[in-house]
Each structure stands twice: as C-alpha cells, then as structure tokens.
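# Residue-level structure breakdown
Take a look at the letters that make up each chain.
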Amino acid sequence: AWLTPADMQGVTTKYIGHGKRDISTLGLQKSSAQLMPEGSVLFSSRAPIGYVAIAECEVSTNQGFKSVVPYFLECNQFIYYFLRYFAEQIEANARGTTFKEVSGAIVRNLPFPLPPVAEQKRIVAKVDSLMAICDKLEARLKTSSEVSSDLATAVTSIVK
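Throughout what follows, the structure given in this document is the object of discussion. (Residues numbered from 1 in each chain as written. Predicted model: local features only at pLDDT ≥ 70, side-chain atom pairs only at ≥ 80, totals over all residues. Heavy atoms only, no water.)

Turning our attention to the sheet that holds strand 5 (residues 49-55). Ordered by their spatial adjacency, three strands build an open sheet running 2-5-4, and the pairing between neighbours is mixed. The sheet is open, and its two edges are formed by strand 2 (15-16) and strand 4 (41-45), each paired on a single side. The sheet contact formed by strand 4 and strand 5 spans four bridges and is antiparallel. Across the sheet, residue L42 finds its bridge partner in strand 5, namely A53. Across the sheet, helix 2 (residues 76-92) is in contact with strand 2, strand 4 and strand 5; its angle to strand 5 comes to roughly 170°. (Pairing = 2+ DSSP bridges. Helix = DSSP H or I, 4+ residues; strand = E, 2+ residues; numbered from the N terminus. Contact = heavy atoms within 4.5 Å. Axes fitted to C-alpha atoms, helices over the stretch in contact; angles between N-to-C directions.)

Here you go:
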C-alpha cells in the first residue's frame, strides 16, 4: 500500500492500511517513498499538514509525511493522540510559499512528554472513552438535526 496525505483526508479512525494506490517494489526502490512498519504513527507534514493515523499494516508513504516508528510499539496510541493534539501548533511552524511544509527538524525538536507506559495506557483509555462519548453525541445531534429538518418540511407543507 502507498499513502499520500490526501489519502488520510476524511479518515475517522485511528488506523489506516491502504490509500487509493499501491506502489511496486521497483517504484519503492526508485522513489523517495518510505516503507513504514505496522504500528508506525503517520503524520502528514504537507499538503495538508496534521493528519494522523496508525499504520495497521506495513505501508509506504510519500515525502509528505514525518512519521514516528515507536521504539516500544505499545506507545503508538499515545504518540497518535499527542500529534493530533499538537497538529495546529506544529502547522504554525510550517514554512513554504507554494504550499506549507513542516520540516523533520521541527517535528524532531518537539518537546515530547513521555510518561511511563502504564500511564500512557491510562491516558489513551480515557481519551478513547471520551472520544466514544463525543461520537455518540455527534450522532445524536445529526439525528436531531435531521428530525428538525423533517419537521420543518412537514410544517411548511401543511401551512401552504
């Protein structure tokens, strides 16, 4: 699988395994694409900046990523949430005229809090539970909006 930042647009889950295209072995060898192991945290660093996902399998990425291969794989979800949270601040440091890009030096020099693994897991579990509540609320709001729209349409047709 070959990923570009555009492939991450609209991804609503933590994990990604495929983009719109694949790359051949020869293409991988003759390009600047990078092969990332399963569990890597992928961070789009240009066009657009700030999409984050975890590779659910081995994937290749183009030059539009500054990704993290965790030394301890079990840290990847904590890194994922860290990068999601700081994406706007990272983008604020982007440079470029045609399109903005975040350099490897900017990402490499981010101050990164690294609590013990047990604490990382506790934080991830809490964030996951809060995100699940947010997803439920968003679904309810959508349903409520649809019902309101249907009701308004019905009232309008009766009043006419």
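A few words on the packing of aromatic side chains. Within the structure shown, the criterion is met by six aromatic pairs. Taking 4.9 Å as the distance between ring centres and 85° as the angle between the ring planes, the aromatic pair formed by Y71 and F72 counts as edge-to-face. In this structure F72 comes out as partly exposed when scored by relative accessible area, which is 46%. An aromatic cluster is present here, built from F78, F82, Y85, F86 and F112 joined pairwise through their rings. (Phe/Tyr/Trp six-rings, centres within 6.5 Å; stacked < 30°, edge-to-face > 60°. Buried < 20%, exposed > 50% of the residue type's maximum accessible area, 1.4 Å probe, protein only.)

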